[in-house]
Structure formats: structure tokens, C-alpha cells
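Coordinates in review
If you want the building blocks of each chain, they are given just below.
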Amino acid sequence: MHLVLGEPHDPLSAGVRDALVARHCPVRLMPSPIFGPLRFAWRLDASSSRSTLTFDDGLELPAEDIAGVFVGGVTGPDPAG
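Heads up: these notes are all about the structure in this document.

How each quantity is defined
- Here the residue numbering is sequential within each chain, running from 1 through the sequence in written order.
- It should be noted that, the model being predicted, local features are given only for residues of pLDDT at least 70 and side-chain atom pairs only at 80 or more, the latter also being counted only at that level, while totals for whole chains, interfaces and linings use all residues.
- The side-chain numbers reported here are obtained from all heavy atoms of the structure, hydrogens and water having been left aside.
- Grouping buried Ala, Val, Leu, Ile, Met, Phe, Trp, Tyr and Cys residues that are joined through side-chain atoms within 4.5 Å yields what is termed a nonpolar core.
- Exposure is judged per residue with a 1.4 Å probe applied to protein chains only, and the accessible area is read against the type maximum: over 50% gives exposed, under 20% gives buried, and values in between give partly exposed.
- Strands are runs of DSSP state E lasting at least 2 residues, helices are runs of H or I lasting at least 4, and numbering of each runs from the N terminus.
- Any two strands with at least two DSSP-identified bridges between them are counted as paired.
- Here an angle of 0 to 180 degrees is reported between the N-to-C directions of two axes, which are lines fitted to C-alpha atoms, with helices fitted over the stretch in contact.
- Salt bridges are counted wherever a side-chain nitrogen of Lys or Arg sits within 4 Å of a carboxyl oxygen of Asp or Glu.

Section: the nonpolar core
- Leu3, Leu5, Met30, Leu53, Phe55 and Leu61 form the largest nonpolar core, which has six residues in total.
- Looking at this core, the elements with two or more residues in it are strand S1 (2-5) and strand S4 (49-55).

In C-alpha cells:
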């Protein structure tokens, strides 16, 4: 899975997403990864370490399944809301 961190209306982020889709690569566009509905879990024990991203639609993505990350135009928190 490729992660595109950027706004859908950002031409560069949308272009990267579209290029990956055209190459039949699994891709997820994330407008606000810090403020959006995303959960990060890290499990650590004596023999292993494992991190997982869980999206609002229930998709669980282990860190080892992330093939690449593109960081485009990501916005911060909305001061009005």
C-alpha cells in the first residue's frame, strides 16, 4: 500500500495518487493524518515489535505493508473548529 498524505484538491497529491492507481498500485489518500480518523498502535514485547495503522473504515495496515509514502500539501487544524 502506498500512502499519499495530502489534500484531494492539491494537484500534486492528486496526481501522485492517480499515477499510482494507473499502475494498479494500492493507494490511500489521507488529507489530515494527524487530525483525521486514524489510529496508530505499537505493540512491543521481549521478542518483537509491531506497528499498525487503523483507518476509519476498519482497514488495518501493518507497517511492513507500507510500500511508500508521499507527503504533499497537508493542512493543520482548523482554528475555527
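Notes on the sheet that holds strand S2 (residues 27-30)
- On the basis of which strands lie adjacent, the open sheet formed by three strands has the order S2-S1-S6 and parallel pairing. The open sheet terminates on both sides in strands that have one partner only, identified here as S2 and strand S6 (68-71). The average undirected angle you get between the axes of adjacent strands in this sheet is 15 degrees.
- Two strands pair when backbone bridges link them, and S1 and S2 are joined in this way by four bridges, in the parallel orientation. When the sheet's bridge partners are listed, Val4 is paired in S2 with Leu29.

Some remarks on the sheet that holds strand S3 (residues 38-44)
- Within the open sheet, the three strands sit side by side as S3-S4-S5. Their pairing is antiparallel. With partners counted over all chains shown, the strands left at the sheet margins are S3 and strand S5 (60-62), one partner each. Pairwise comparison of adjacent strand axes, ignoring direction, gives a mean angle of 25 degrees for this sheet.

Here's the deal with unusual backbone geometry
- Residues other than glycine seldom take positive phi values, yet His24 does so here, at roughly 60 degrees.
- Looking at the secondary structure, you find His24 in the loop between helix H1 (11-22) and S2.

Description of the pattern of salt bridges
- Here the structure, examined in full by the defined rule, presents three salt bridges.
- Arg28 is the salt-bridge partner of Asp57, the closest N and O atoms lying 3.1 Å from each other. Of the two residues, Asp57 sits in the loop between S4 and S5 while Arg28 sits in strand S2, which places them 29 residues apart along the sequence.
- Residue class for Asp57 comes out exposed when judged on its relative accessible area of 52%.
- A salt bridge links Arg50 to Glu64; the nearest nitrogen and oxygen atoms lie 2.7 Å apart. One end of the pair, Arg50, is in strand S4; the other, Glu64, is in the loop between S5 and S6, with 14 residues separating them in the sequence.
- Its relative accessible area of 54% is what places Glu64 among the exposed residues.

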